[in-house]
Amino acid sequence: KQEVTQIPAALSVPEGENLVLNCSFTDSAIYNLQWFRQDPGKGLTSLLLIQSSQREQTSGRLNASLDKSSGRSTLYIAASQPGDSATYLCAVTMNRDDKIIFGKGTRLHILP
Amino acid sequence: GAVVSQHPSWVICKSGTSVKIECRSLDFQATTMFWYRQFPKQSLMLMATSNEGSKATYEQGVEKDKFLINHASLTLSTLTVTSAHPEDSSFYICSARKVGGGTEAFFGQGTRLTVV
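The present account deals with the structure reproduced in this document. In this text, all values refer to a predicted model and were calculated from it rather than measured experimentally. (Residues numbered from 1 in each chain as written. Chains lettered and ligands numbered in written order. Predicted model: local features only at pLDDT ≥ 70, side-chain atom pairs only at ≥ 80, totals over all residues. Heavy atoms only, no water.)

What follows deals with the interface of chain A and chain B. Facing 22 residues of chain A, the contacting portion of chain B comprises 20 residues. Regarding the contact of chain A and chain B, the summed buried area is about 1,600 Å², with carbon and sulfur atoms giving 52% of it. By the criterion of area lost to chain B, the three top residues of chain A are A:Lys99, A:Ile100 and A:Phe102, representing 27% of everything that side buries. Applying the counting criterion to the chain A and chain B interface returns 1 salt bridge. A salt bridge links A:Lys99 to B:Glu59, with the nearest nitrogen and oxygen atoms 2.8 Å apart. Within the residue set of the side of chain A that touches chain B, elements represented by two or more residues are strand 4 (32–38), strand 5 (44–51), strand 9 (86–93) and strand 10 (100–102) of chain A. (Contact = heavy atoms within 4.5 Å. Buried area = accessible area lost by both parts, 1.4 Å probe. Salt bridge = Lys/Arg side-chain N within 4 Å of Asp/Glu carboxyl O. Helix = DSSP H or I, 4+ residues; strand = E, 2+ residues; numbered from the N terminus.)

Here it is as structure tokens:
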């Protein structure tokens, strides 16, 4: 059974710092991996999707890497801003038409 | 774009009544829609997967007679919480995948259900 773990569960950093969020999964035979952002009481916003054949994806100040063989992914946020404060969720899909399995998320707080 | 709209965004109902939540894909057709629930500070737990025109597939432990899912068209799925009880109070989120659009999922803004 696939399990997705995110470390740390919570993180507070001063504005301007670069930071890394970690995600690990137990079954490396994933189809793809997706990073989401969730603001309190809101739905999810897709940030980056990495196919199993890819190593990384970039969007603006965000960079997500995937090491499928070791079951790890990282989300790198450069030059953090207070507006980046949110919960970041990592999720994997095992097959093309399969469900998405979520981690518990990392609650990020950027200090002004 | 790929916009998924949920309605209502929040609802308060009395114990024993039923509540319907709608999930619409506004600018694309969705082969598959998923329903999740999320308790405070917890991750999203999949409740069921629905495909247009067929019965929903429920996850283990989810009562299909209590959480009725209808996916009548390629742009609309509904979740009805029947005979709601306070323990059903939660945040319900739907997501949808595009027809022929791969596995990227697009999420609605969620519905906060409070049963009193």
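Residues and elements named next belong to chain A. Its place among the elements puts Phe-102 in strand 10. Of the residues examined, Phe-102 reaches a relative accessible area of 9% and is grouped as buried. Separated by 72 residues in the primary sequence, Phe-102 and Ile-30 place their C-alpha atoms 13 Å from one another. (Buried < 20%, exposed > 50% of the residue type's maximum accessible area, 1.4 Å probe, protein only.)

Summed over all chains, the structure comprises 7 aromatic pairs over all chains. Seen from their ring centres, A:Phe36 and A:Phe102 are 5.6 Å apart, and the 40° between their planes marks the pair as tilted. Taken as a pair, A:Phe36 in strand 4 and A:Phe102 in strand 10 lie far apart in primary sequence, 66 residues in all. Between A:Phe102 and B:Phe107 the ring centres are 5.8 Å apart and the planes differ by 80°, which places this aromatic pair in the edge-to-face class. Of this pair, A:Phe102 sits in strand 10 while B:Phe107 sits in strand 10 (residues 105–107), each in a different chain. Take A:Phe102 and B:Phe107: they sit in the same class, and that class is buried. Site record: aromatic cluster; members linked through ring pairs are A:Phe36, A:Phe102, B:Tyr36 and B:Phe107. (Phe/Tyr/Trp six-rings, centres within 6.5 Å; stacked < 30°, edge-to-face > 60°.)

For the rest of this paragraph, the subject is the sheet that holds strand 8 (residues 72–77) of chain A. All names here are of chain A. In spatial order, the strands read 1-3-8-7-6; together these 5 strands make up an open sheet with antiparallel pairing. At either margin of the open sheet sits one strand with a lone partner, and together these are strand 1 (4–7) and strand 6 (56–59). Recorded for the sheet is a direction-independent mean angle of 15° between the axes of neighbouring strands. Of the pairings in the sheet, the one linking strand 7 (residues 62–67) to strand 8 comprises 6 bridges and is antiparallel in character. Within the sheet, the bridge partner assigned to Asn-63 lies in strand 8 and is Tyr-76. (Pairing = 2+ DSSP bridges. Axes fitted to C-alpha atoms, helices over the stretch in contact; angles between N-to-C directions.)

Moving on, we come to the side chain of A:Gln38. In this structure, A:Gln38 sits in strand 4. A distance of 2.9 Å separates polar atoms of two side chains, one belonging to A:Gln38 and the other to B:Gln38. Setting aside anything within four residues of it in sequence, one finds A:Gln38 in contact with A:Gly43, A:Leu44, A:Ala86, A:Thr87, A:Leu89, B:Gln38, B:Leu44, B:Phe91 and B:Ile93. (Polar contact = N/O pair within 3.5 Å; in protein donor to acceptor, adjacent residues only side chain to side chain.)

This part takes up the environment of B:Glu52. All names here are of chain B. With respect to the helices and strands, Glu-52 occurs in the loop between strand 5 (45–51) and strand 6 (57–58). Considering only alpha carbons, one finds Glu-52 and Thr-32, 20 residues apart in sequence, at a separation of 6.8 Å. Setting aside residues no more than four positions away along its own chain, Glu-52 makes contact with Thr-31, His-71, Ala-72, Ser-73 and Leu-74.

Take the layout of surface pockets next. Left-over empty space is what a probe sized like a water molecule reveals as it rolls over the atoms. Roughly 700 Å³ of volume is contained in the largest pocket. If you trace the largest pocket, you find 27 residues lining it, with A:Lys1, A:Ile101, B:Leu44, B:Met45 and B:Leu46 closest to the centre. Counting only elements with at least two residues in the lining of the largest pocket, the list comes to strand 1 and strand 10 of chain A together with strand 4 (30–38) and strand 5 of chain B. Tallied by class, residues from the lining of the largest pocket come to 12 nonpolar, 6 polar and 9 charged. Volume-wise, the second largest pocket comes out at about 360 Å³. Here the residues of the lining of the second largest pocket are counted per class, giving 5 nonpolar, 6 polar and 5 charged. (1 Å grid on protein atoms, 1.4 Å probe; cavity = no way out; pocket = protein on both sides within 12 Å on 5 of 7 lines; lining within 4 Å. Points joined across faces, edges and corners; volume = space filled by probe spheres on them. Nonpolar A, V, L, I, M, F, W, Y, C, P; charged D, E, K, R; others polar.)

The next subject is a nonpolar patch on the surface. Taken together, the side chains of B:Trp10, B:Ile12 and B:Val116 make up a nonpolar region of the molecular surface, amounting to roughly 370 Å² of accessible area. By the secondary structure assignment, B:Val116 is in the segment after strand 11 (111–115). (Patch = residues over 30% accessible without salt bridge, like charges linked within 9 Å, V, L, I, M, F, W, Y side chains within 5 Å. Areas by Shrake-Rupley, 256 points an atom, 1.4 Å probe, with all protein chains shown as cover.)

Next up on the list: the state of the cysteines. Using the criterion set out here, one finds 2 disulfides over all chains in the structure. Two residues, A:Cys23 and A:Cys90, share a disulfide whose sulfurs are 2.0 Å apart. Taking the sign of the S-S torsion, -65° for the link of A:Cys23 and A:Cys90, the bridge is left-handed. A residue pair is termed long-range when its members are at least 10 positions apart, and A:Cys23 in strand 3 (residues 19–25) and A:Cys90 in strand 9 qualify at 67 residues. The pair A:Cys23 / A:Cys90 is uniform in exposure class, with both members buried. Shown here is the disulfide that connects B:Cys23 with B:Cys94, its sulfur atoms set 2.0 Å apart. (Disulfide = S-S within 2.5 Å.)

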